[in-house]
Structures are given as C-alpha cells and as structure tokens.
Amino acid sequence: MANLKVLKNRIASVKSTRKITKAMQMVAAAKLRRAQEAAEASRPYTERFNAVMSGLAASVGGSDAAPKLLSGTGSDKVNLLVVMTSERGLCGGFNTNIVKKAKLHAQQLLAEGKEVKILTVGKKGRDQLKRDFADHLVGHVDMTEVKRLSYADAQGIAKDVLNRFDAGEFDVATLFYANFVNVVSQIPQAQQIIPASFEEAGEGDAVTTLFDYEPSEEAILADLLPRGVATAIFSGLLENAASEQGARMSAMDNATRNAGEMIDNLTIEYNRSRQAVITNELIEIISGAEAL
C-alpha cells in the first residue's frame, strides 16, 4: 500500500511539473514572436550600415589619419571578449553553446601567449565563465531589470567597451552571441568589433554612385565607428533575445513531452501495483473462506 501512495504522489508531482513546463513553453512562444520580429527588423539596417561603413573604410585604407577604432592600436596582444548570454536558464544549450565558443577562443589566444579579458553581459555566462576564467573577468553588465531591449541598452554597453579601449585596456574586442535561425537552431557567433571589421560588399551590393564627403571620410568614420560598435552590440542583443526564447520554447516542449511519457509509465506501474494488491486481497479472502 505504501508503494501505491509513493507512485500516486510521484504522478501528481510530475503532472504539476508538466503544467509548469507547458505554461513556460506558451510564454516563450509569445515572447519569441516579438523578439523574432525585432531581430529580423534590425537586420536590413545593420546590413546597410555595414555596407556604407565598408565603402568608407575601404576608401580610407591605411591612411595615417584613419580613426583608431578602424586602424587599431597596431597590436593584438590584449583581447577583450564581450560574452552575451541570458539572465535566466531553462533554455537548453543556448547559454552553454555561446560560452563554449568564447572559451575555445580564449584558450586559443592564451595558447598564443596573448592576454585575455572578459566582459560578460548576462548572469548565466558569468556564472559559467568564472569557474575556469575567474581571473580574466574584468566587468559585468546586469540586464535583469531590462524588460524590453532598446538601443540605449546597447549604447550603455558600447560606452563601457569604448572607454576601456580609449584607456588602453585592450587592443582587440570580439563579441559573442547566438544568431537566431529558427526555434531549433541558434548558431553561436564571434564578431570582431574593435578594430572595426566590415565584409566587402559583393557585386550585387556594390554602390556605383560616387560621393564627395564633407567633412572628410576620416572625420565621418570617427563619428560613425562608435555608433557601429553600439549597432553591432544592439544587433547581437536582439539576436540573443530571439535565440533565448526559441531555445526555451524548444526545451520546455521537450520537457513537457518527457513529463507526459513519465506520467504514462508511472500510471501503468501504479495500475499494475494496484492490481497486484487487489489480487493478493482476493487470494487472502478465498483462502480464509476455504479454511472455514
């Protein structure tokens, strides 16, 4: 009888868990729609901004007047890794995959004799990285109170990174985040943001019109490059937000299915145990009647 009570309690417990995971799945699905729309809406602007910046950067080339954010410090000895993850868990391997890519990059840099500094955005990334790279953590950005991402959030992170660069704390900065593809696919990305690196425009994207810039191209770049850092960070935050909700929706769907299977197995076990108890009671009654 005790075994039946234990099984009954376990079934009730798993059913309660299934309700929670199902609710979390539905919440993630609702948040995913908004986050996906925001990420997809930002992509055309980011792509066009990078195309324009690529043209400007190519025309400036190796000019001595080129902004420091474009030309760099002339060294790559000190590297800053900006690792962006979520504040909450229960989203499958989303955070782990980003951190894993950052760790591999950090280990490669250390093996080459370079110095690594890590700035984390999101609690989950910080918690994982401080196990092996505690001595390399130089800062953390808490996004717990941010309910809806805005460009101002990215500007705050960019300001911190740019201030560190101006202070000579690092030579190269690389951004780590997850690019949203769909609910079941979020691909970790590593993007160099300082010195600025732009892909060359393809033939279909090339701008054939010639422009005369006023003031000089160098002056325009000096103004736009800090915005480019903020734009890259904002795009990464939006991609991360969509990836997080997609990963959570998928994880909670799997958890709900697993809970359902466990309930079915426990119910079968409960019914078999109950049947055995009833059979034993019938045998005892029949044996007692025959003894009389």
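Structure first, text after, so check above.
The model shown is predicted, which means the values in this text are computed figures rather than measured ones.

Asks: Just checking my understanding: could you explain the sheet that holds strand β5 (residues 185–194) for this structure?
Replies: The strands making up a sheet associate through backbone hydrogen bonding, with each pair oriented either parallel or antiparallel. Pairing is mixed in the open sheet, where five strands are placed in the order β3-β2-β1-β4-β5. Of all the strands in the sheet, the pair left with one neighbour each is β3 (137–141) and β5. Each strand axis lies, on average, 20 degrees off the axis of its neighbour in the sheet, ignoring direction. Pairing between strand β1 (residues 78–84) and strand β4 (residues 172–182): five bridges, direction parallel. Of the residues in β4, the one forming a bridge with V83 is F176. Along the sheet, helix α5 (residues 151–166) contacts β1, β2 (115–121), β3 and β5; its crossing angle with β2, the most-contacted strand, is approximately 160 degrees.

Asks: Help me out: how do you make sense of the packing of aromatic side chains in this one?
Replies: How two aromatic rings sit relative to each other is set out by the distance from centre to centre and by the angle between their planes. All chains considered together, the criterion is met by three aromatic pairs. Between Y151 and F234, the aromatic rings sit 5.7 Å apart at their centres with planes inclined by 90 degrees, giving edge-to-face as the arrangement. With Y151 in helix α5 and F234 in helix α6 (residues 217–291), the pair connects residues that are 83 residues apart, well separated along the chain. Its guanidinium or amino end placed over the ring of F165, K68 lies 5.3 Å from that ring's centre, counting from NZ or CZ.

Asks: Sorry if this is basic, but what is going on with the pattern of salt bridges here?
Replies: Opposite charge on two side chains allows them to pair when their charged atoms are near. Across all of its chains, the model carries twelve salt bridges by this definition. A salt bridge links D160 to R164, with the nearest nitrogen and oxygen atoms 3.0 Å apart. Within this pair, D160 and its partner R164 are both found in helix α5, separated by four residues, close to a single helical turn. When its relative accessible area of 14% is taken as the criterion, R164 is described as buried.

Asks: What's the story with helix α3 (residues 94–111) in this structure? I'm lost.
Replies: One turn of the α-helix equals 3.6 residues, which is why residues spaced by three or four share an orientation. Helix length check: α3, at 18 residues, gives a terminal C-alpha distance of 26 Å against a target of 26 Å (1.5 Å per residue), a fit within 8%. Here α3 has its buried residues at F94, N95, I98, V99, A102, K103, A106 and L109. Take α3 and look down its axis: the buried residues cluster within an arc of 145 degrees, on one side only. Seen from the open side of α3, the exposed residues pointing more than 90 degrees away from its buried face are K100, L104 and A111. A positive phi of about 85 degrees marks G113, the residue just after α3.

Asks: What is the right way to read the environment of Q191 from this model?
Replies: Mapped onto the fold, Q191 is located in strand β5. In the structure, Q191 is positioned 139 residues away from V52 in sequence and 18 Å away in space, judged by C-alpha atoms. Every residue in contact with Q191, bar those within four places of it in the chain, is listed here: A173, T174, L175, Y177 and A232.

Asks: I keep staring at the nonpolar core and nothing clicks. Help me out?
Replies: In globular proteins that are soluble, nonpolar side chains generally tend to be buried together. In terms of nonpolar packing, the biggest core is built from 44 residues, with V82, M84, V121, F170, I194, I233 and L237 touching the most fellow members. Elements with a minimum of two residues in this core: α1 (2–60), α2 (68–71), β1, β2, α5, β4, β5 and α6. For this core, the element with the highest residue contribution is α6, accounting for 13 residues. Apart from the residues lying within four places of it in its own chain, the contact partners of V82 are L119, V121, V161, T174, L175 and F176. Judged by nonpolar contacts, the second largest core, of 16 residues, contains V83, V99, L129 and A247.

Parameters and conventions
Residues numbered from 1 in each chain as written. Predicted model: local features only at pLDDT ≥ 70, side-chain atom pairs only at ≥ 80, totals over all residues. Heavy atoms only, no water. Pairing = 2+ DSSP bridges. Helix = DSSP H or I, 4+ residues; strand = E, 2+ residues; numbered from the N terminus. Axes fitted to C-alpha atoms, helices over the stretch in contact; angles between N-to-C directions. Contact = heavy atoms within 4.5 Å. Phe/Tyr/Trp six-rings, centres within 6.5 Å; stacked < 30°, edge-to-face > 60°. Lys NZ or Arg CZ within 6 Å of the ring centre and 35° of its normal. Salt bridge = Lys/Arg side-chain N within 4 Å of Asp/Glu carboxyl O. Buried < 20%, exposed > 50% of the residue type's maximum accessible area, 1.4 Å probe, protein only. Expected span 1.5 Å × (residues − 1). Arc of directions from axis to C-beta. Core = buried A, V, L, I, M, F, W, Y, C linked by side-chain atoms within 4.5 Å.

By themselves, these observations are geometric and do not establish any function.
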